[in-house]
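Structure assessment
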Amino acid sequence: MRTWRKSLEAAEVSQGVLRDDYMKAVRFMQRREPAGYLAVRLMVPADHQPHVLAGYAFASYTDDVCDRGTVDERTRRYDAWDAQVRTALDSGSAEHPLLRAFLNTAAARELPRRWVDSYLDGARIDLDFPGFATEADYQRYVEQLTWPFLMITSGLAHQGGGSAEFAAACRLFADAAQRTDILTDLHEDLRGGRLYLPVSDLDRYDITREDLERGRDLPGVRALVAATARTARATLREAGVLLDHCSDEHRRLMRFILDLHHQRLESVATRGATVTRRPVRDRPLACLRLLTRRAEPVGATARTSTL
């Protein structure tokens, strides 16, 4: 694994301020998503690493803006961030270091702006999340928010954002990943006053939101969790077509991400109704095995990163 300085040089990030911006982006991702950061550093070619991490840092920071504080606080903060991002996209310059790094990345990788605009519009849903009445409501959420998030992160794997077939495969994965996250984060979301499972699914199994909030181990709760996991797994298998449309440079990372979501769904299936009582967390040793399986063997002359 190359040093971060060598990765920046490979990506032709040479300006002093811009190099500092990418450094801040990588440190942000180290704190927020350490496993994801390590996967990128191990599995993505050096000249792509700064761009991938800058894309994830921007998208994740935007997500964080929507998640903290009261509705009014989140809305005010997000309005300011949304305006800042759109002004930066129009002008080509920005004050925020993560945004400056993303602007450079988006330009270098020729990322279509429509995905950024779509993500900014979709992120507003989470400011005062209303819940989903039906599966159709859930699918609109994936379309408006989860899919654009994926396209401004994984889409950086392709110059110009990738083909229509790649985008369609990302749409499948967005659905599978979102449904997986709903299950792994069910306990925390309920504690925060949010339910991302469609109410129609609860009705189908004759259970209530209170049953989930109280962590009741009912046949209907077990059936709901199992059915949701099966649906997520079936969609995740379909999303494997991503490997056919992913660039060679990013195929190993995508295999790891698909494997990781399968592993999370296995944990959900094992836990059953108890996912309502505590969140499902990645198992460090299992993640390490996945990383080892998908990462390139380190050659004798390879150097260790300083980050």
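Quick note: structure is the one above.
Here is what the cut-offs are and how they apply
Residues numbered from 1 in each chain as written. Predicted model: local features only at pLDDT ≥ 70, side-chain atom pairs only at ≥ 80, totals over all residues. Heavy atoms only, no water. Helix = DSSP H or I, 4+ residues; strand = E, 2+ residues; numbered from the N terminus. Rg over C-alpha atoms; globule rule 2.2 N^0.38 Å. Buried < 20%, exposed > 50% of the residue type's maximum accessible area, 1.4 Å probe, protein only. Contact = heavy atoms within 4.5 Å. Areas by Shrake-Rupley, 256 points an atom, 1.4 Å probe, with all protein chains shown as cover. Core = buried A, V, L, I, M, F, W, Y, C linked by side-chain atoms within 4.5 Å. Axes fitted to C-alpha atoms, helices over the stretch in contact; angles between N-to-C directions. Parallel < 35°, antiparallel > 145°, perpendicular 65-115°, else oblique. Nonpolar A, V, L, I, M, F, W, Y, C, P; charged D, E, K, R; others polar. Phe/Tyr/Trp six-rings, centres within 6.5 Å; stacked < 30°, edge-to-face > 60°. Salt bridge = Lys/Arg side-chain N within 4 Å of Asp/Glu carboxyl O. Expected span 1.5 Å × (residues − 1).

Helix and strand counts for the protein come out as 16 helices and 0 strands. Computed over C-alpha atoms, the radius of gyration of the protein comes to 20 Å, within 12% of the 19 Å expected from 2.2 N^0.38 for 307 residues, which places it in the range of a compact globule. Along the first, second and third principal axes, the C-alpha atoms of the protein reach 60 × 45 × 35 Å. Across the 307 residues in the protein, those meeting the buried criterion constitute 51%. Expressed as a percentage of contacts within the protein between residues at least 6 apart in sequence, the contacts between residues at least 24 apart total 72%. With an accessible surface of roughly 14,300 Å², the protein has 49% of that area assigned to carbon and sulfur atoms.

Core analysis: the largest hydrophobic core is formed by 95 residues, its most contacted members being V116, F173, L212 and F256. Tallying contributions element by element places helix 9 (residues 164–184) first for this core, with 10 residues. Leaving out residues up to four positions away in the same chain, F256 has contacts with A39, M43, C287, L290, L291 and R294.

Where helix 5 (residues 71–91) meets helix 7 (residues 113–123), the closest approach of the two axes is 11 Å, and the angle between their N-to-C directions is 170°. In terms of their interaxial angle, helix 5 and helix 7 are classed as roughly antiparallel. In contact with Y78, D82, V85, R86, L89 and D90 of helix 5, helix 7 contributes R113, V116, D117, Y119, L120, D121 and A123. Partitioned by chemical class, the residues of the contact of helix 5 with helix 7 number 7 nonpolar, no polar and 6 charged.

In this section: the packing of aromatic side chains. Working definition: an aromatic ring pair is given by the centre-to-centre distance plus the angle between the planes. A complete count under the given rule lists 13 aromatic pairs for this structure. Look at F58 and F102: their rings are 4.1 Å apart centre to centre, the planes differ by 10°, and that puts the pair in the stacked class. Placement of the pair is F58 in helix 4 (residues 49–67) and F102 in helix 6 (residues 97–108), with a sequence separation of 44 residues. Seen from their ring centres, F129 and Y196 are 4.1 Å apart, and the 20° between their planes marks the pair as stacked. You can see F129 sitting in the loop between helix 7 and helix 8 (135–151) and its partner Y196 sitting in the loop between helix 10 (186–191) and helix 11 (199–204), a full 67 residues away along the chain.

This next bit is on the pattern of salt bridges. What the rule picks out here adds up to 29 salt bridges. Salt-bridge contacts for R124 lead to D79; the nearest nitrogen and oxygen are separated by 2.8 Å. Here R124 is found in the loop between helix 7 and helix 8, whereas its partner D79 is found in helix 5, with 45 residues between them in sequence. By relative accessible area, R124 is classed as partly exposed at 33%. According to the relative accessible area criterion, D79 is partly exposed, its value standing at 33%. For E210, the salt bridge goes to R216, with nearest N and O atoms at 3.7 Å. Residue class for R216 comes out partly exposed when judged on its relative accessible area of 30%.

It is worth spelling out the side chain of D259 at this point. Its location among the elements puts D259 in helix 15 (residues 251–271). Ignoring any residue separated from it by four or fewer positions in sequence, one finds D259 in contact with L290, R293 and R294.

Moving on: helix 6. Between its first and last C-alpha, helix 6 extends 17 Å over 12 residues, near the 16 Å set by a 1.5 Å rise per residue. Along helix 6, the positions that sit buried rather than exposed are P97, L98, L99, A101, F102, L103, T105 and A106. Contacts from the buried residues of helix 6 go to helix 2 (16–32), helix 4, helix 5 and helix 7. Following helix 6 by one or two positions, E110 has its phi on the positive side, about 55°.

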